[in-house]
Amino acid sequence: MVHAFIMVETAAGRSEDIVESVRALDAVSEAHIVAGEFDIIAEADAEEVYDVLHASSTDISGMEGVAKTKTYMALD
């Protein structure tokens, strides 16, 4: 099992609608709007690294209003 944290930067005013779309993804277990460099932090769980990377680089990055993502794989 792969566990990861996906940081999401959104366009101004888009965090609330994007976080709902992120939460709806199969690989995402939780997603929260946060204050800081990024606007949303999502936790993803999947069987393979590829599944997490697909959620980050295709599913989330492809959403309208997403400026960039950064993915961190948990090592513990």
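The rules behind each value
Residues numbered from 1 in each chain as written. Predicted model: local features only at pLDDT ≥ 70, side-chain atom pairs only at ≥ 80, totals over all residues. Heavy atoms only, no water. Core = buried A, V, L, I, M, F, W, Y, C linked by side-chain atoms within 4.5 Å. Buried < 20%, exposed > 50% of the residue type's maximum accessible area, 1.4 Å probe, protein only. Helix = DSSP H or I, 4+ residues; strand = E, 2+ residues; numbered from the N terminus. Contact = heavy atoms within 4.5 Å. Salt bridge = Lys/Arg side-chain N within 4 Å of Asp/Glu carboxyl O.

A. Representation of the nonpolar core in the model. Ranked by internal contacts, the top residues of the largest apolar core, which has 18 residues, are Val22, Ala31 and Ile60. At the level of elements, strand S1 (2-10), helix H1 (15-23), strand S2 (28-33), strand S3 (40-46) and helix H2 (49-60) are the ones that each hand at least two residues to this core. Not counting residues up to four positions away in its chain, the partners in contact with isoleucine 60 are Ile6, Val8, Val22, Leu25, Ala55, Val66 and Thr69.

B. Highlighting the pattern of salt bridges. Under the definition given, this model contains three salt bridges. Across the pair aspartate 17 and arginine 14 runs a salt bridge, and its minimum N-O distance is 2.9 Å. Since its relative accessible area comes to 24%, arginine 14 is described here as partly exposed. The salt bridge involving arginine 23 is made with glutamate 20; its shortest N-O contact spans 2.8 Å.

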